[in-house]
Amino acid sequence: YPCADFLVGNISACTGSVSFTDNTNNTPTSWSWTFGDGGTSTSQNPTHVYAVSGTFPVQLIACNGFGCDTTVQNVTVLNTGGPLAACTVSTTGYCCGMGIFNITFNTINNTTNDGVDGYMDYSCTISTNVNLGQTYSVSVTTGVSYNENVKIWIDYNNNATFDASELAFSSSNILTNHTGNITIPGSAVTNTPLRMRVTSDYYLDSVSACSNVTYGQTEDYTISIIPVVDPPVAAFT
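A brief look at the structure comes next. Just so we're clear, the structure is a prediction, and the values are computed from it rather than from any experiment.

**Some remarks on the overall build of the chain**
Looking only at helices and strands, one finds zero helices and 17 strands in the chain. Its C-alpha atoms give the chain principal-axis dimensions of about 70 × 55 × 30 Å. Expressed as a percentage of its 237 residues, the buried residues of the chain come to 42%. The long-range share in the chain, meaning contacts at least 24 apart out of those at least 6 apart in sequence, stands at 67%. Total accessible area computed for the chain in this model is approximately 11300 Å², and 50% of it derives from carbon and sulfur atoms.

**Some details on unusual backbone geometry**
Of note in the backbone geometry, C96 takes a positive phi value of approximately 70° without being a glycine. For C96, a relative accessible area of 36% gives the class partly exposed. The backbone phi angle of A160 is positive, close to 70°, even though this residue is not glycine. Of note, A160 is situated in the loop between strand 13 (148–154) and strand 14 (167–174).

**A closer look at the pattern of salt bridges**
For the coordinates displayed, the defined rule picks out three salt bridges. Note that D220 is salt-bridged to R195, the shortest N-O span being 2.9 Å. Here the residue D220 occupies a position in strand 17 (residues 217–226), and R195 occupies one in strand 16 (residues 193–202), the gap between them amounting to 25 residues. Each of the two residues, D220 as well as R195, counts as buried. Between R197 and D220 there is a salt bridge, with its nearest N and O atoms 2.7 Å apart. Here R197, found in strand 16, pairs with D220, found in strand 17; they are 23 residues apart in sequence, far enough to count as distant. Here R197 matches D220 in class, with each residue buried. A network of salt bridges, in which partner residues are shared, links D121, R195, R197 and D220.

**A few points about the sheet that holds strand 4 (residues 40–41)**
The strand order across the open sheet formed by four strands is 4-3-6-7, and the pairing between neighbours is antiparallel. A single partner strand is all that each edge strand has here, and the edge strands are strand 4 and strand 7 (67–77). Sheet analysis places strand 3 (residues 30–34) next to strand 6 (residues 54–64), joined by five bridges and oriented antiparallel. Opposite W31, over in strand 6, you have A62 as the bridge partner.

Procedures and definitions
Residues numbered from 1 in each chain as written. Predicted model: local features only at pLDDT ≥ 70, side-chain atom pairs only at ≥ 80, totals over all residues. Heavy atoms only, no water. Helix = DSSP H or I, 4+ residues; strand = E, 2+ residues; numbered from the N terminus. Buried < 20%, exposed > 50% of the residue type's maximum accessible area, 1.4 Å probe, protein only. Contact = heavy atoms within 4.5 Å. Areas by Shrake-Rupley, 256 points an atom, 1.4 Å probe, with all protein chains shown as cover. Salt bridge = Lys/Arg side-chain N within 4 Å of Asp/Glu carboxyl O. Pairing = 2+ DSSP bridges.

See the structure below:
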């Protein structure tokens, strides 16, 4: 008889779309899914869209000619609705190979064209989950010909503006490789999609969250911050 199992794929920011992949042993021939919000499917590898954020018990019953088996996993969906938009910006005078070629932060690793693309909003397609209070390395790759300034803001309080206290990373007058760390503050809003803005420009030009850039580029992403609950430590006297 089958041994039911499944894998949970990427949870799409903004749409609440989740993909499921059957991983059942012993050649199942039929599948019955319930997604915890009233939705069902009989596909082997379904995709389901959740309308609201929450934690949902997803059940798979897999069967073959010898019997059936059931498994349940809790799936947490945090990204429905997408992050609030603080402002939109543009590149006013792209030049000379400046702009963002790659950003790597936790599970985000996005390689793109340079500033010729102008402002790019990836917040509905590229996201990552980070833990409250933890520190993560970040790397931004810019052009190879001119030094650039790079700044990253995260809307930690989810108020649709980038406050001065939300400047998470800054790198000034560096050629190509901008690296450092971002520490998630303990006061940040949790379990909610938050907008992360990455901006680069020529090193003689100032960079701010809601101002157009001259030669470089601005890209937006989504992060969700997960609260960390430490297990108890047993002790007695």
